[in-house]
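Report on the structure
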Number of protein chains: 2
Amino acid sequence: MRFERLATDGRARLGCLALGHGQIDTPAFMPVGTYGAVKALDPTDVATTGTQMILGNTLHLALRPGLEVIGRMGGLHAFMGWRGPILTDSGGFQVMSLAHRRSIDDDGVTFQAPVDGRRFRLTPERAVGIQQELGSDIAMVLDQCPSYLAPREEIETAMRRSQLWAERCRRAYGDGPGALFGIVQGGVDPDLRRRSFEALASLGFEGYAVGGLAIGESAPTREAVLDALIPLLPEDRPRYLMGVGKPADLVAAVCRGIDLFDCVLPTRNGRNAHLFTATGVVRLRNSRYRFDESPIEPDCPCPACRHHSRAYLHHLDRIGDPLSLRLLTLHNLTYYQRLLARLREAIRTRCLGECAADFERQQRSGPAVR
Amino acid sequence: MRFERLATDGRARLGCLALGHGQIDTPAFMPVGTYGAVKALDPTDVATTGTQMILGNTLHLALRPGLEVIGRMGGLHAFMGWRGPILTDSGGFQVMSLAHRRSIDDDGVTFQAPVDGRRFRLTPERAVGIQQELGSDIAMVLDQCPSYLAPREEIETAMRRSQLWAERCRRAYGDGPGALFGIVQGGVDPDLRRRSFEALASLGFEGYAVGGLAIGESAPTREAVLDALIPLLPEDRPRYLMGVGKPADLVAAVCRGIDLFDCVLPTRNGRNAHLFTATGVVRLRNSRYRFDESPIEPDCPCPACRHHSRAYLHHLDRIGDPLSLRLLTLHNLTYYQRLLARLREAIRTRCLGECAADFERQQRSGPAVR
């Protein structure tokens, strides 16, 4: 992995991140391809949205189709037919949010798989090993991620454990073949965040992720965490804000120096006809769109906007045609990727502040409805 | 509408059918786009399968999104973004198979709509009027379609009524703007079929459909009906076998002189991972395909076969990703359209018999499984 900063504007950085499966421009947004597919989209579709890199969920993939299948097919890239880079999570967050009958100890976590009730054990070594078997370009350390509302004591215990696990992950991952990112935890406490980062920095990671956010905190709370933490992070390593977020959240985080994002929002909301546009959200399920001949967004180059009216897409959603899942996901991802491209261009030309103000003004103007 | 026969081989005909929205080569297969979409496919997708013309279901469309929407959007072609020709059914068959609380009289049929329980009345004039509002290139007469197992008396009553309705449809449709096809009924009785056709012929239709089949009869029974009926039909009018069928059924019917087909089989079966190939059916849901690196069909140009392994498609089907619906439908439609293209080429070169024998031999060889 190589990471080059090409330009900066305030704390924001325009970068080029070179990975085993190609190089990407940062700041970048990664759609979530939980089970080896960005739901409803073919890899060819994903590429047409301007997506450069995707995220795969390690735990889901280890359960279905399982590592034996993906391994025999030559890894996740070959299995799903995605040629660009892939980042995989460690499975830690999914264990906390999805698994039943979970028991966590210093060595790792044991749980019952949500799919078939199988007993499954995840240790730092196993989490890293699975990601290597998947062939991900960026692997994440296994961490324990408590609620930011948890008592400070619990957060500290999780941090201490995450620190031990980070060491074991670093050792297990060795020199690659890809990159391993550490995850800074510590809730909303600047002091815990600093200590978490310093402990990780002593191990040395190719990049640093901000974990434990996007779980219900307010935007100002999240931004305060970024404001306190990011100045501590090394300039020459990519920074990844996990699980964030809404378009406005991305703009705010890019301004604060974040380079990588992932979130289910554009894909999940797309499937529910909740569409992002420059002038705000269009809830296409609303019957006001029944006769609306205009596209979701007039200047959007996605297939939904180029070929179809809101009225037709509203109808497809109403009858439950799977085509609507694909088209509306394509629109939302195209919107996200164009927003990121606009932010990158603004950093290059050093007018990010103006770009962010424009963004907010446009969003407030509200969606055009005929 | 113009219909030109370019070549014949036995009873089979290679034709060119020119309609308001372009011309198509016959024999041709029309996928079913019930609600203004071939399920899971974008019109661009549909075109890539080699599909020239699609079928729309009048009754479904009249209920959802309704004629007011489609009318204001400029007709069905504009609404759904399909540029090629569209044939619409009359709604008669759907009333019989789907509607509740149905009451039929000589003037028309009243029923409760399956979607919202609305009372809906379909008369010959209304069936034709709706199809004209949809802007279909080929409209079908309203007919009453009893089971071929019904007592002869019931079949005769339905025939007499269908005849009255055909007259009223012919009058209501006038000169177009498209073409109106009559539907020959009469079950499996050659005499009833002949009488049904003669009555229609006296009214004069742009084409003739064979109705009342594809509802459970055996292939030999259906082929006997075609063998008895088709020699009576005018050579210079297209012949449409409604609702048929499996690949082998299409081959048999093309050999007997049929020009147009529609069927839900490739699309519906595709969505259930039941895939057609030159060497027989692949039931992709079977776990034998879990590790199968080969494509569904090696020489198939569809995106599923070009980009993905059976193992990946098996996985997508298993996790229920909507992408599998699209990819597997694309494969099945591509298979059907390539089969039709092969039959057309065989008629042109007058080797249809050999082509049909090859087809059968290959099918019997069974799907290659690694």
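Residues numbered from 1 in each chain as written. Chains lettered and ligands numbered in written order. Predicted model: local features only at pLDDT ≥ 70, side-chain atom pairs only at ≥ 80, totals over all residues.

A short note on unusual backbone geometry
Cis peptide bonds are those with omega within 30 degrees of zero, and the linkage from Gly176 of chain B to Pro177 of chain B qualifies with 25°. Note on placement: Pro177 of chain B falls in the loop between α6 (152–173) and β11 (179–184). The omega torsion of the bond from Val244 of chain B to Gly245 of chain B falls at 5°, within 30 degrees of zero and hence cis. By the secondary structure assignment, Gly245 of chain B is in the loop between β13 (239–241) and α9 (247–255). For Ala40 of chain A, which is not a glycine, the phi torsion comes out positive at approximately 75°. (Helix = DSSP H or I, 4+ residues; strand = E, 2+ residues; numbered from the N terminus.)

A few points about the relation of the copies chain A and chain B
Between chain A and chain B, which share one sequence, the superposing operator has a rotation angle of 180° and an axial displacement of 0.0 Å; the RMSD is 0.0 Å. Considering both components of the superposition, the chain copies are consistent with a two-fold axis. For chain A, the smallest separation between a C-alpha atom and the rotation axis is recorded for Pro322 of chain A, amounting to 3.0 Å. Mapped onto chain B, 100% of the interface residues of chain A are again interface residues, and the two copies thus contact each other with one and the same surface. (Least-squares fit on C-alpha atoms with pLDDT ≥ 70 in both. Contact = placed C-beta atoms within 7 Å.)

Topic: the interface of chain A and chain B
Counting from both sides, the interface comprises 35 residues of chain A and, opposite them, 35 residues of chain B. Secondary structure elements with two or more residues in the side of chain A that touches chain B: α2 (58–72), α3 (76–80), α11 (303–307), α12 (310–319) and α13 (322–348) of chain A. With six residues, α12 of chain A is the single largest residue contributor to the side of chain A that touches chain B. Partitioned by chemical class, the residues of the side of chain A that touches chain B number 19 nonpolar, seven polar and nine charged. (Nonpolar A, V, L, I, M, F, W, Y, C, P; charged D, E, K, R; others polar.)

Regarding the domain arrangement of chain A
Residue and element names in this part refer to chain A. Here chain A is described as being made up of domain 1 (2–263) and domain 2 (270–365). A separation of 27 Å is found between the C-alpha centroids of domain 1 and domain 2. Facing the 25 residues of domain 1 at the interface are 25 residues of domain 2. Counting residues per element, the ones that place at least two in the side of domain 1 that touches domain 2 are β1 (2–9), β2 (12–19), β4 (28–30) and α9 (247–255). (Domains from an automatic or database assignment.)

Looking at the confidence of the model for chain A
Per-residue confidence for chain A gives a mean pLDDT of 95, with 99% of residues at or over 70. Interface confidence in the predicted complex, given as ipTM, is 0.97; pTM for the same model is 0.97. (pLDDT = per-residue confidence, 0-100.)

Regarding the pairing of strand β13 (residues 207–210) of chain A
All names here are of chain A. Going residue by residue along β13, you find Gly207 and Ala209 tucked away on one face and Tyr208 and Val210 tucked away on the opposite face as well. Inspection of the sheet shows strand β12 (residues 179–184) paired to β13 by four bridges, in the parallel sense. Of the residues in β13, the one forming a bridge with Ile183 is Ala209. Note on the crossover from β12 through helix α7 (residues 190–203) to β13: the handedness is right-handed. (Buried ≥ 20, exposed ≤ 12 C-beta atoms within 10 Å, placed from the backbone. Pairing = 2+ DSSP bridges. Right-handed = clockwise from strand over helix to strand, strands pointing away.)

A look at the sheet that holds strand β3 (residues 22–26) of chain B
All names here are of chain B. Strand order in the open sheet made by the three strands is β1-β2-β3, with antiparallel pairing throughout. Whereas interior strands pair on both sides, the edge strands pair on one side only; in this sheet they are β1 (2–9) and β3. The sheet shows a mean angle of 15° between the axes of neighbouring strands, direction not considered. (Axes fitted to C-alpha atoms, helices over the stretch in contact; angles between N-to-C directions.)

Regarding the packing of α13 of chain A against helix α13 (residues 322–348) of chain B
Each pair of packed helices gets described by two things: the angle between the helix axes and the distance between those axes. Remark: α13 of chain A packs on α13 of chain B, axes separated minimally by 9 Å, with the N-to-C direction vectors making an angle of 110°. Classified by the interaxial angle, the pair formed by α13 of chain A and α13 of chain B is roughly perpendicular. Two packed elements cross with a definite hand, and for α13 of chain A against α13 of chain B that hand is left-handed. Residue-level contacts link Pro322, Leu325 and Arg326 of chain A of α13 of chain A to Pro322, Leu325 and Arg326 of chain B of α13 of chain B. The class makeup of the residues in the contact of α13 of chain A with α13 of chain B is four nonpolar, no polar and two charged. (Parallel < 35°, antiparallel > 145°, perpendicular 65-115°, else oblique. Left-handed = near helix turned anticlockwise from the far one by under 90°.)

Regarding the environment of Leu98 of chain B
Residues and elements named next belong to chain B. Inspection of the secondary structure assignment puts Leu98 in helix α4 (residues 92–98). On the basis of neighbour counts, which here come to 16 C-beta atoms within 10 Å, the residue Leu98 falls in the partly exposed class. In sequence terms Leu98 and Pro220 are 122 residues apart; their C-alpha atoms lie 28 Å from each other.

Describing α9 of chain A
For α9 of chain A, a buried count of eight out of nine residues is recorded, marking the element as mostly surrounded by other parts of the structure. The set of residues buried in α9 of chain A consists of Pro247, Asp249, Leu250, Val251, Ala252, Ala253, Val254 and Cys255 of chain A.

Some points on the environment of Glu156 of chain A
All names here are of chain A. Its place among the elements puts Glu156 in helix α6 (residues 152–173). Judged by the 18 C-beta atoms lying within 10 Å of it, Glu156 falls in the partly exposed class. Separated by 26 residues in the primary sequence, Glu156 and Gly182 have C-alpha atoms spaced 17 Å apart.

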